Amino acid sequence: MTVTKDSRITVTELERFLTEPPAGFSVEVRDSERRVHSDPEQSLVLIDDFHSSKGKVVFQCSRGRDVKMQNLWEYTSMRKTLLSRRIYLLVAACEENCAQTNRKGARVLQQYVVSINSSDPFFKWQMERGLDWTISSIVGESYSVDIDLTELMESWATKNTDIISDGLTKDRPLWRDASFTLKYYTDALFDFPHWFGFSKRQFKLRPT
């Protein structure tokens, strides 16, 4: 049962999160389905529906890991939300000795719900810089950008080796699904850069 937190990042084992939800969250059980409710004015949940050993889990107010936007108003609204809410993601710690090219097939050691305080000055600066760089570097109308939290999780794991190794592994884990994606679509007729995959970008959130 693990919860580690500071003002910037909170890491909670999945089952702990579902059985003892934090402030602002509640869990409703319906047969073999658990529905997680949250306040979208306080948190930005980016977790897809999934199945656990105890049944299906649905985060009712989640935007999903891939956030789609189709006009400037939606982008502006999402940008404001990204820079002012706690962001919640579901990530997985996997065996390190699995080849990195086969991460999807790696054995999952533990799943965590991770939240980051995007209004923290350093995180906010990184997010603003990354979003601005993405827009300025795009040639076409549509684009996608991955925001990668892997370095945050690696930093957390380094500081919490006792938790990671407790019943899991003595090695440093690999992190899977430690990212989310913003996808901006337009109805441009000749959006060739997007069609050919030239409008994909990525930036990382770093702990320091």
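Above: the structure in question.
Residues numbered from 1 in each chain as written. Predicted model: local features only at pLDDT ≥ 70, side-chain atom pairs only at ≥ 80, totals over all residues. Heavy atoms only, no water.

Draft legend 1. Structural view of the overall build of the protein. Looking only at helices and strands, the protein has six helices and 14 strands in total. Counting the 208 residues in the protein, one finds 47% classified as buried. Counting contacts in the protein only where the partners sit at least 6 residues apart, residues at least 24 apart contribute 67% of the total. For the protein, the computed accessible surface area is about 11,300 Å², with 49% contributed by carbon and sulfur atoms. (Helix = DSSP H or I, 4+ residues; strand = E, 2+ residues; numbered from the N terminus. Buried < 20%, exposed > 50% of the residue type's maximum accessible area, 1.4 Å probe, protein only. Contact = heavy atoms within 4.5 Å. Areas by Shrake-Rupley, 256 points an atom, 1.4 Å probe, with all protein chains shown as cover.)

Draft legend 2. Quick look at the sheet that holds strand β7 (residues 55-59). Reading across the sheet, the four strands line up as β3-β4-β7-β6 and stay open at both edges, with mixed pairing between neighbours. A single partner strand is all that each edge strand has here, and the edge strands are β3 (25-30) and β6 (50-52). With direction set aside, neighbouring strand axes in the sheet form an average angle of 25 degrees. (Pairing = 2+ DSSP bridges. Axes fitted to C-alpha atoms, helices over the stretch in contact; angles between N-to-C directions.)

Draft legend 3. Examining helix α3 (residues 121-137) more closely. Across its 17 residues, α3 extends 24 Å between first and last C-alpha, which sits within 8% of the 24 Å expected from 1.5 Å per residue. Within α3 the residues assigned to the buried category are Phe123, Gln126, Met127, Gly130, Leu131 and Thr134. Here the buried residues of α3 occupy an arc of 125 degrees about the axis, which is enough to place them on one side. Along α3, the residues that are exposed and aim more than 90 degrees away from the buried face are Pro121 and Ser136. (Expected span 1.5 Å × (residues − 1). Arc of directions from axis to C-beta.)

Draft legend 4. Up close: unusual backbone geometry. Even without being a glycine, aspartate 31 presents a positive backbone phi close to 55 degrees. Looking at where aspartate 31 falls in the secondary structure, it is placed in the loop between β3 and β4 (33-38). Here aspartate 31 falls in the exposed class, since its relative accessible area comes to 81%.

Draft legend 5. Up close: the packing of helix α2 (residues 72-82) against α3. In contact at an axis separation of 10 Å, α2 and α3 are set at 155 degrees when each is read in the N-to-C sense. Between α2 and α3, the angle is such that the two are roughly antiparallel. Helix-helix and strand crossings are classified by hand; for α2 and α3 the assignment is right-handed. Side by side, α2 and α3 meet where Tyr75, Arg79 and Leu82 of the first sit next to Met127, Glu128, Leu131, Asp132 and Ile135 of the second. (Parallel < 35°, antiparallel > 145°, perpendicular 65-115°, else oblique. Left-handed = near helix turned anticlockwise from the far one by under 90°.)

Draft legend 6. Examining α2 more closely. Taken together, the buried positions of α2 are Tyr75, Met78, Arg79, Thr81 and Leu82. Seen from one end, α2 has its buried residues packed into an arc of 160 degrees, which puts them on one side. Those residues of α2 that are exposed and aimed more than 90 degrees away from the buried face are Leu72, Trp73 and Lys80. On the buried face of α2, the contacting elements are β5 (43-45), β8 (66-69), β9 (86-94), α3, β11 (143-148) and β13 (179-184). The opening residue of α2 is asparagine 71, an N-cap whose side-chain oxygen sits 3.1 Å from the backbone nitrogen of tryptophan 73. (Polar contact = N/O pair within 3.5 Å; in protein donor to acceptor, adjacent residues only side chain to side chain.)

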